[in-house]
Structure formats: C-alpha cells, structure tokens
Amino acid sequence: MSANPRRFVSVNGIDRRDFLIRGSGLVSAAFLAACDSRGPKAADKLLKYAERKNLAVERKLFRHTSMDVVQAGAHEAGNKLPSYYIAPTVPVWEESVRGKWALEVSGLVGNPVRLTLADLQKLPQVSNRVNHYCVEGWTAVETWTGVPFTELARFVRLDPRARYVDFQSFDDDYHESWDIESAMHKQTVVAYGLDGKPLEPAHGAPARVYSPVKLGYKNTKYLTKIVFMPQMNGGYWSDQGYEWYGGV
Amino acid sequence: MVGSGLRIFNAYPAFARKGEMFCCYPFEHKPIPDWLTFGGWLGGARHWHFAMMWLLVVNGLVYLTFIYLHGEWRDLVPRKGDIRDSWQMVKFYTFRRKDHPHQGKNNALQKTAYFLLPVFGALAVVTGFAIWKPVQLSWLTAIFGGYVWARYWHFIAMLAMVILSIGHIFMVFAVDPYSLPSMITGNYDPSHSPEARNARPFYHLFPRRTPAPPMPPPPEAT
C-alpha cells in the first residue's frame with residue numbers, strides 16, 4: 001500500500017476507495033429496492049398510525065369560519081370538469097324503472113323525510129362559486145346551486161348525537177361518510193345545479209353533495225340517501241385505502 | 001418525500017386549473033418516469049408523504065435549533081462579497097482562474113448552497129401545508145398566489161433541493177473525498193483540503209502535472 005502514494009488511507013483506517021465502492025453499492029441497493037414499490041410491508045402499521053394522528057390534526061385545524069376563496073381572474077372549468085363514476089356507464093335515474101327519484105334523509109334525526117327534487121328546490125337555495133379539489137391534484141372552479149346542508153339539517157331536526165353522516169348513491173354501491181362538522185360547513189350544499197343549469201348526469205344528477213372542504217371523492221354524486229350516524233361508516237374510496245377524512 | 005411526491009404529482013402531472021393553461025412548466029401532462037416515484041399508487045404515496053412530512057419538519061427544526069445553539073448559523077448567513085467570491089469559484093472550476101480562491105471552512109459556493117438548502121426546505125414545508133389545507137389555511141395558500149401556484153412552488157422547492165443535493169454529493173466525491181471519513185470521525189487533514197490541493201472536480205484521479213523528479217542513477221555494480 002505504501003508503494004502507491006495515490007492510495008490514501010485515513011487515520012482511522014477507512015480506505016477511501018473501499019468506502020466509495022461500498023457506500024455507493026449500499027445507496028444504489030437501497031434505491032433499487034425502493035423504486036416504484038409500495039415500500040416495505042412493515043411500514044403499513046406506521047402509515048396507519050400516521051393517518052390516525054393526521055386525522056386528529058386535521059379535525060383540530062377545521063374551522064367553520066375558514067372559507068374557500070376563488071382566486072381573482074380564475075376561469076370556470078365549464079365542460080372541462082372531469083366526470084367520474086364507478087358504474088360502467090353514466091348512472092341515470094330511470095323513472096320508468098325505479099319510480100320517481102327522491103332523497104331519503106334519515107338516521108339520527110327528529111324528522112326523517114323523503115324529498116323529491118321539487119321539495120329540495122323549495123328549501124332555501126344558495127349558489128357557491130368555489131374550487132373543486134381533486135385528490136389527484138387538479139382544481140376546477142364551478143358554481144354549485146343547491147340547499148345549504150345546514151338548512152337541510154335544520155329541516156330534518158338533526159339529533160346532537162349524530163357525529164357522522166353517510167352520503168349514499170345509486171352509482172353502484174358508492175358512498176362516503178363524513179364527520180358532521182365538515183358537513184355543517186357553510187359551503188357544503190346538496191347541489192342540483194351546476195353553472196346556472198340543472199345538474200347533468202355526468203356530474204351527479206339529480207342531486208349530489210358538494211363542498212370545497214372535502215376532496216372530490218368524498219362528494220358523493222347521484223344521491224339517494226343521507227344518513228346521520230353516531231359512528232363513521234367508511235366509504236367507497238376510503239375502504240380502498242384513500243384517507244377517510246379527505247379534508248381540504 | 002421526493003419519490004412519493006412525484007407519485008402524487010403523476011396523478012395529474014400538470015399545474016393548470018381545469019379549463020386554463022399554465023405558463024411556467026414546459027412538461028405539462030407528461031408524467032415523471034415511474035422509476036423515480038415511490039409509493040406504488042396515489043393513495044399509498046399520499047400515506048407515505050403525509051407520514052414522512054412530520055419527520056422532515058422535526059428534522060428541520062432539530063437542524064435549525066442545533067445551528068442556532070452552536071452559533072454555526074453565522075457560517076451560513078450570506079455576507080457581502082459572497083456573490084463575487086462564488087463567481088471566483090465558478091471561474092476556478094471552469095479553468096478561467098488558475099489558483100483556488102482562498103477559503104475558510106467552506107468556500108463561497110458551498111456557503112450559498114448550504115444557506116439555500118434550508119431555505120428551500122422551509123419553502124417546501126410551508127407550501128406543502130398550503131396545498132394540504134388550501135381551505136382551512138387559505139391565508140397561507142393566498143401568500144403563495146393560490147393553490148395552483150403554491151403547488152408549483154412546492155414542486156420548484158423540491159427540484160431546487162434535489163439539484164443542490166446532487167451537486168453537493170457530486171462535489172464531495174469529485175473535489176473533496178478526503179472529507180468523507182471526517183464526516184464520521186471528525187478528523188480532517190488540512191493538507192488535503194481542496195484549497196491546499198488546488199482541486200477541481202476529479203483532480204485527485206488525474207496524474208500530477210508537475211514532472212516527476214529525475215530518477216537517481218542506478219547504483220554502480222561493484
């Protein structure tokens with residue numbers, strides 16, 4: 001070794017070239033192991049734990065006074081708003097087959113009701129120009145017209161024991177349950193209108209829940225039932241591993 | 001964090017709001033290669049990202065507390081002349097200056113990089129919160145120009161950190177590999193410093209320019 005002065009040995013005996021070779025080998029092995037994988041199975045517990053803690057943080061952060069604000073100059077998405085449903089084709093309520101559509105509001109309420117579209121439209125109406133936040137990362141500005149959720153809750157005399165609410169649909173078995181505070185946010189509506197027109201089947205006709213405080217997948221389209229519950233009830237995407245809370 | 005972030009980004013590899021165009025990203029709608037991503041799928045990557053973000057935050061706070069308590073932040077704050085000195089380092093590395101500019105612990109380019117890294121780290125964290133909670137923390141999102149721009153700055157902060165880290169690691173191996181053992185042991189031989197060796201990248205791998213001393217004549221046979 002002393003015959004080659006270019007081979008440098010540090011005081012503690014770590015040979016530089018060995019260090020480089022072994023070091024880069026380890027680093028590349030770690031990288032290769034991690035590439036496009038879901039990560040080690042052993043981490044699942046840790047990730048679940050983090051999700052529970054994040055849920056607590058997010059619910060603490062939630063304020064009824066925090067409003068979604070559309071940026072000045074933002075354009076409406078219009079027909080660029082993507083249309084998602086889980087059924088193989090656009091779910092359409094066939095009156096000839098299923099009878100007249102009605103929204104059932106039940107569970108922990110003093111006055112369970114079945115509301116036709118006309119009944120919904122008689123309740124106080126609001127139009128919110130808000131952002132749509134998709135879990136994929138895109139946003140879209142739209143104006144949603146419908147019944148403020150708080151008005152609906154008052155109409156059915158919400159029981160204070162109701163801590164969660166499940167939004168169910170006729171798009172196969174799609175549903176998503178929410179914490180009650182997000183549902184009672186001022187910008188949450190049961191929407192039957194989009195951009196000044198009646199809601200179309202592509203976006204959840206006859207009625208859907210819409211709120212900027214939840215990611216897109218939490219906003220159930222093609223509503224059939226709104227059920228108030230004492231405990232959470234999962235959801236179509238939540239059960240497949242997306243966060244149950246999905247708050248924005 | 002980078003890999004899972006890129007996996008999330010790939011779910012919508014663009015910045016434009018639906019129905020709009022985005023000015024400032026040349027690769028709109030072109031996904032990042034899968035081998036650079038981590039998490040396997042959108043939901044999995046989100047779980048990794050939202051779990052590990054706390055580690056990044058804690059790590060950053062420990063780092064800042066440490067350099068504050070040890071006074072080492074003084075080595076990092078930019079000073080007058082740093083830009084000029086950085087330019088001298090660039091000139092040296094590009095063979096437009098012969099001798100290594102004089103430096104203390106770190107040269108001006110290093111100082112700039114080590115100052116910018118935590119700045120971009122903090123930017124990544126803060127813009128991260130801005131796009132995690134654009135309604136609940138709408139005031140924060142507004143500071144960065146709204147959700148679309150906050151998401152863009154989050155991406156830029158990541159890119160800057162990746163570039164700085166790759167540059168840093170490259171320079172460690174290419175210019176000052178003698179500092180590698182000293183990162184663990186603390187011993188550093190100043191006679192091997194890049195300044196003492198007048199080292200440009202990979203200098204230590206090239207043969208010396210100075211001619212070898214003449215060979216002594218072979219001993220006379222007796």
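Throughout this document, residue positions are counted from 1 along each chain, in the order its sequence is written. For naming, the first written chain is A and the first written ligand is 1, with later ones following in the order written. Restriction of local features to residues with pLDDT of at least 70 applies here, the model being predicted, together with a cutoff of 80 or more for giving and counting side-chain atom pairs; totals for whole chains, interfaces and linings are based on all residues. Only hydrogens and water are set aside; all other atoms, that is, all heavy atoms of the structure, feed into the side-chain values.

What about the overall build of chain A?
Secondary structure summary: chain A contains six helices and ten strands in total. The globule rule used here is 2.2 Å times the number of residues to the 0.38 power, and the radius of gyration it is set against is calculated over C-alpha atoms. Taken against the 2.2 N^0.38 rule, which gives 18 Å for 248 residues, the C-alpha radius of gyration of chain A at 26 Å runs more than 25% over that of a compact globule. Structurally, chain A occupies a C-alpha span of about 95 × 40 × 40 Å along its principal axes. For every residue, the accessible area obtained with a 1.4 Å probe (protein chains only) is divided by the maximum for its type, and the residue is called buried under 20%, exposed over 50%, and partly exposed between those limits. Buried residues in chain A amount to 48% of all 248 residues. Pairs of residues are marked as contacts when any of their non-hydrogen atoms sit within 4.5 Å. Long-range pairs, those at least 24 residues apart, make up 69% of the contacts in chain A with a sequence separation of at least 6. Numbering of helices and strands runs from the N terminus, with a helix taken as a DSSP run of H or I at least four residues long and a strand as a DSSP run of E at least two residues long.

Regarding the sheet that holds strand E6 (residues 175-179) of chain A
Residue and element names in this part refer to chain A. We call two strands paired when DSSP finds no fewer than two bridges between them. Overall, mixed pairing links the five strands, which are arranged E2-E1-E10-E5-E6 in an open sheet. Two strands close off the open sheet at either side, each with one partner strand: strand E2 (113-115) and E6. Across the sheet, the axes of successive neighbouring strands diverge by a mean angle of 15 degrees, strand direction being ignored. One ladder, built from five bridges, connects strand E5 (residues 164-169) with E6; its direction is antiparallel. Directly across from Tyr164, in E6, lies its bridge partner Asp179. For helices, the fitted axis covers only the stretch in contact; all axes are lines through C-alpha atoms, and the angles between them, taken along N-to-C directions, range from 0 to 180 degrees.

Description of the interface of chain B and chain A
With 50 residues of chain B in contact, the opposing surface of chain A contributes 55 residues. The term buried area denotes the loss of accessible surface (1.4 Å probe radius) that occurs when two parts are joined, taken as the sum for both partners. When chain B packs against chain A, close to 4500 Å² is buried across both sides, 61% of that on carbon and sulfur atoms. Area buried by chain B at its contact with chain A is led by Lys18(B), Val135(B) and Gln136(B), which between them contribute 16% of it. We count a salt bridge whenever a side-chain nitrogen from Lys or Arg sits within 4 Å of a carboxyl oxygen from Asp or Glu. On the surface where chain B and chain A come into contact, there are two salt bridges. The shortest N-O distance in the salt bridge between Glu243(A) and Arg46(B) comes to 2.7 Å.

A short note on a nonpolar patch on the surface
Residue and element names in this part refer to chain B. Nonpolar side chains (Val, Leu, Ile, Met, Phe, Trp, Tyr) within 5 Å and like charges within 9 Å form the patches, drawn only from residues with over 30% relative accessible area and no salt bridge. Throughout, the Shrake-Rupley method with a 1.4 Å probe supplies accessible areas, and for residues the shown protein chains are the sole cover considered. Taken together, Phe170, Phe202, Leu205 and Phe206 make up a surface patch of nonpolar side chains, about 400 Å² in accessible area. Inspection of the secondary structure puts Phe206 in the segment after helix H9 (194-197). A relative accessible area of 49% means that Phe206 is categorised as partly exposed.

Considering the pairing of strand E10 (residues 223-229) of chain A
All names here are of chain A. Within E10, six of the seven residues are buried, which leaves the element mostly enclosed by the surrounding structure. Judged from the six bridges that link them, E5 and E10 form a sheet pairing that is antiparallel. Residue Tyr164 lies in a different strand from E10, and its bridge partner there is Met229.

Quick notes on the packing of helix H5 (residues 108-132) of chain B against helix H7 (residues 147-174) of chain B
Residues and elements named next belong to chain B. With their axes 8 Å apart at the nearest point, H5 and H7 run at an angle of 150 degrees to one another. Considering the angle they form, H5 stands roughly antiparallel to H7. Of the two elements, H5 crosses H7, and the hand of that crossing is left-handed. Contact with H5, carried on its side by Ala113, Tyr114, Leu116, Leu117, Phe120, Gly121, Leu123, Ala124, Thr127, Gly128, Ala130 and Ile131, involves Tyr147, Ala150, Arg151, Trp153, His154, Ala157, Ala160, Met161, Leu164, Ser165 and His168 of H7 and no other residues of that element. Charged residues are taken to be Asp, Glu, Lys and Arg, nonpolar residues to be Ala, Val, Leu, Ile, Met, Phe, Trp, Tyr, Cys and Pro, and polar residues to be all remaining types, Gly included. When the residues that make up the contact of H5 with H7 are grouped by side-chain class, the tally is 16 nonpolar, six polar and one charged. Every angle not falling under 35 degrees, over 145, or within 65 to 115 is termed oblique; those three ranges are roughly parallel, roughly antiparallel and roughly perpendicular. Throughout, a crossing is termed right-handed when the near helix is turned clockwise from the far one, and left-handed when it is turned anticlockwise from it by less than a right angle.

Notes on the nonpolar core
Grouped burial of nonpolar side chains is what soluble globular proteins tend to show. Formed by 49 residues in total, the largest nonpolar core has its most connected members in Leu81(A), Val135(A), Trp144(A), Phe15(B), Phe22(B), Tyr25(B) and Phe155(B). Examining the composition of this core, we find that six residues originate from one element, H7(B), more than from any other. In this description, a nonpolar core means a group of buried Ala, Val, Leu, Ile, Met, Phe, Trp, Tyr and Cys residues linked to one another through side-chain atoms lying within 4.5 Å. Of all hydrophobic cores here, the second largest spans 28 residues; its members include Leu103(A), Leu152(A), Trp178(A) and Ala207(A).

A look at the packing of aromatic side chains
Residue and element names in this part refer to chain A. Ring pairs shown here join Phe, Tyr and Trp side chains whose ring centres sit within 6.5 Å, with only the six-membered ring taken for Trp; geometry is labelled stacked below 30 degrees between planes, edge-to-face above 60, and tilted in between. Counted by the stated rule, this structure contains 35 aromatic pairs over all chains. With a centroid separation of 5.8 Å and an interplanar angle of 65 degrees, the aromatic rings of Phe149 and Phe167 are classed as edge-to-face. Taken together, the residues Phe149 in helix H5 (residues 149-155) and Phe167 in strand E5 connect sequence positions 18 residues apart. For Phe149, a relative accessible area of 0% translates into the label buried.

What about the side chain of Arg200(B)?
Residues and elements named next belong to chain B. Along the polypeptide, Arg200 turns up in the segment after H9. In this tally Asp and Glu are treated as negative and Lys and Arg as positive; neither His nor the chain ends contributes. For the buried Arg200, no salt bridge exists, and the shortest N-O distance to an oppositely charged side chain is 7.4 Å, to Asp99. Counted as a polar contact is a pair of N or O atoms within 3.5 Å, where, for protein atoms, one must be capable of donating a hydrogen and the other of accepting one, and residues adjacent in sequence contribute only when both atoms are in side chains. A distance of 2.7 Å separates the side chain of Arg200 from the backbone oxygen of Arg97, its partner in a polar contact.

Regarding the state of the cysteines
Put plainly, a disulfide is one covalent bond tying together the sulfur atoms of two cysteines. Residue and element names in this part refer to chain B. Count a disulfide wherever a pair of cysteine sulfur atoms falls within 2.5 Å. Enumeration over the complete set of coordinates arrives at one disulfide over all chains. Residue pairing for Cys23: its cysteine sulfur links by disulfide to Cys24, the two sulfurs lying 2.1 Å apart. Between Cys23 and Cys24 the sulfur-sulfur dihedral comes to about -90 degrees; the bridge is accordingly left-handed.

Note that every value here comes from positions in space, so none of it alone points to a role or purpose.
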